[in-house]
Amino acid sequence: MKTFVLRAALVCAFALPLASWAQAPAWPAKPVTLVVGSAAGGSNDTFARAIGKKLSEALGQPVVVDNKPAGGGVLANAYVAKAPPDGYNLVVLSSTFTTGAAIRNNLQYDAIKSFKPVAMLGKGPLLVTVPNESPYKTIGDLVAAAKSSPGKLNYGTSGAGSINHFATELFADAAGIKMTHVPYKGMGPATNDLLGGQIQLLVASAPSVLGQVKGGRVRALAVTSANRSPVAPELPSLEQSGYKGSAAELWWGVLAPAGTPQPVVDRLNAEINKIILSAEMKEFFLKEGAEPAAMKPAEFEAFIAAEIERWKQVAKAADIKPE
């Protein structure tokens, strides 16, 4: 009798969550919020608004973008990590999520355990650039100069621990060179000092520097993607130029709180993949310096875990620490 009662209790315990989910209103029954950890106008915000508009049409519910720019994205991530896992609060973030997780131990969330990856949105290369007046015409010229005078060349970044900091150190390690890091408070000041000659190298996102390249003020030598990119098809990749292991890309994606029901995640993934692979969105992504990168949730989850481990290794080798 006791065994029967115990079994019945266990069946009820496991059945309750399923029953609650089955009795809940069909998802989505109300507006969905895309939380963005940056101000309006940044790449995360731009992608969130473009995807949100199309997703609203697909779901038949409003999709609202909620900007929470404080804390470099950390507060927005923490907000969604602690939100109810019901599919109504999602976060749109970028590669900074993984570089930050690789070097910061004081985050208000666990980058792996606190989230359920929903969909990758896109990927884009960084551009290896020098001032237009620079004597370095090719990536080989730059590497030769750096090898002849270790530490003499200065490279700028948007801050210690940023994706361009990691990407530059990855390139330096692959090329066997030493350069001096000059961190800035954003890409604007770094680009200004590149133009002024205070730094000799800047590995920057396409949106932040492509205008200067097309205007003839900055010379691009290569892209950091594994192969040539449609963002700048005329440029070789660092990998193709012989610097193996140097590939690094910006990426953007959508995460949900851990515990979000799999049917909701699968529906979101299917709708988002359909959106980003449309001809209209492919053109939009290219203008923003990226390509659509459709992944299944499990693939995206594995990708994030691998990125964090990779950047941890780079951080240790290059002694990269948060500001």
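The preceding data block contains the structure.
Rules of the game
Residues numbered from 1 in each chain as written. Predicted model: local features only at pLDDT ≥ 70, side-chain atom pairs only at ≥ 80, totals over all residues. Heavy atoms only, no water. Salt bridge = Lys/Arg side-chain N within 4 Å of Asp/Glu carboxyl O. Buried < 20%, exposed > 50% of the residue type's maximum accessible area, 1.4 Å probe, protein only. Helix = DSSP H or I, 4+ residues; strand = E, 2+ residues; numbered from the N terminus. Core = buried A, V, L, I, M, F, W, Y, C linked by side-chain atoms within 4.5 Å. Contact = heavy atoms within 4.5 Å. Phe/Tyr/Trp six-rings, centres within 6.5 Å; stacked < 30°, edge-to-face > 60°. Pairing = 2+ DSSP bridges. Axes fitted to C-alpha atoms, helices over the stretch in contact; angles between N-to-C directions. Parallel < 35°, antiparallel > 145°, perpendicular 65-115°, else oblique. Left-handed = near helix turned anticlockwise from the far one by under 90°. Nonpolar A, V, L, I, M, F, W, Y, C, P; charged D, E, K, R; others polar.

K.L.:
Explain the pattern of salt bridges to me, using residue names and the numbers behind them.
P.N.:
This structure, assessed with the given rule, holds 8 salt bridges. Two residues, lysine 68 and aspartate 66, come together in a salt bridge whose shortest N-O distance is 3.2 Å. Owing to a relative accessible area of 25%, aspartate 66 belongs among the partly exposed residues under this scheme. Residues glutamate 309 and lysine 312 are paired through a salt bridge, measuring 3.6 Å at the closest nitrogen-oxygen approach. One end of the pair, glutamate 309, and the other, lysine 312, are both in helix α11 (residues 297-318), 3 residues apart, so they sit about a helical turn from each other.

K.L.:
Any chance you could break down the nonpolar core for me, citing the residues and the numbers?
P.N.:
Judged by nonpolar contacts, the single largest core of 63 residues is most densely connected at Leu121, Leu142, Phe171 and Ile272. Among the elements that take part in this core, helix α6 (residues 163-175) stands out by supplying 7 residues, more than any other. Not counting chain neighbours up to four residues away, the residues in contact with leucine 142 comprise Val130, Tyr136, Leu153, Phe171, Leu201 and Leu221. Ranked by size, the runner-up nonpolar core spans 23 residues in total, among them Val91, Phe97, Phe115 and Ile304.

K.L.:
A description of the packing of aromatic side chains should follow, citing residues and the corresponding values.
P.N.:
All told, the structure shown has 13 aromatic pairs when counted by the stated rule. A centroid spacing of 5.6 Å and a plane angle of 85° characterise the contact between phenylalanine 97 and phenylalanine 115, whose relative ring orientation is edge-to-face. Residue phenylalanine 97 is found in helix α4 (residues 96-103), and its partner phenylalanine 115 is found in strand β4 (residues 115-131); the two are separated by 18 residues along the sequence. Here phenylalanine 97 falls in the buried class, since its relative accessible area comes to 5%.

K.L.:
Tell me about the pairing of strand β8 (residues 218-223), and please be specific about residues and values.
P.N.:
Counting buried positions over the 6 residues of β8 gives 6, a clear majority of the element. As judged from the 5 bridges shared by β4 and β8, these two strands associate in the antiparallel manner. Residue pairing across strands places threonine 129 opposite alanine 220, the latter belonging to β8.

K.L.:
Any chance you could break down the packing of helix α2 (residues 43-59) against helix α9 (residues 262-276) for me, citing the residues and the numbers?
P.N.:
The description of two helices packed together rests on the angle between their axes and the distance between the axes. At their nearest, the axes of α2 and α9 sit 10 Å apart, and the two run at 120° to each other. As the angle between them shows, α2 and α9 are arranged oblique. Crossing geometry of α2 relative to α9 is assigned as right-handed. In this structure, α2 uses Ile51, Lys54, Leu55, Ala58 and Leu59 to contact α9, whose residues at the interface are Arg267, Leu268, Glu271, Ile272, Ile275 and Ile276. Looking at the contact of α2 with α9 residue by residue, the class counts come to 8 nonpolar, no polar and 3 charged.

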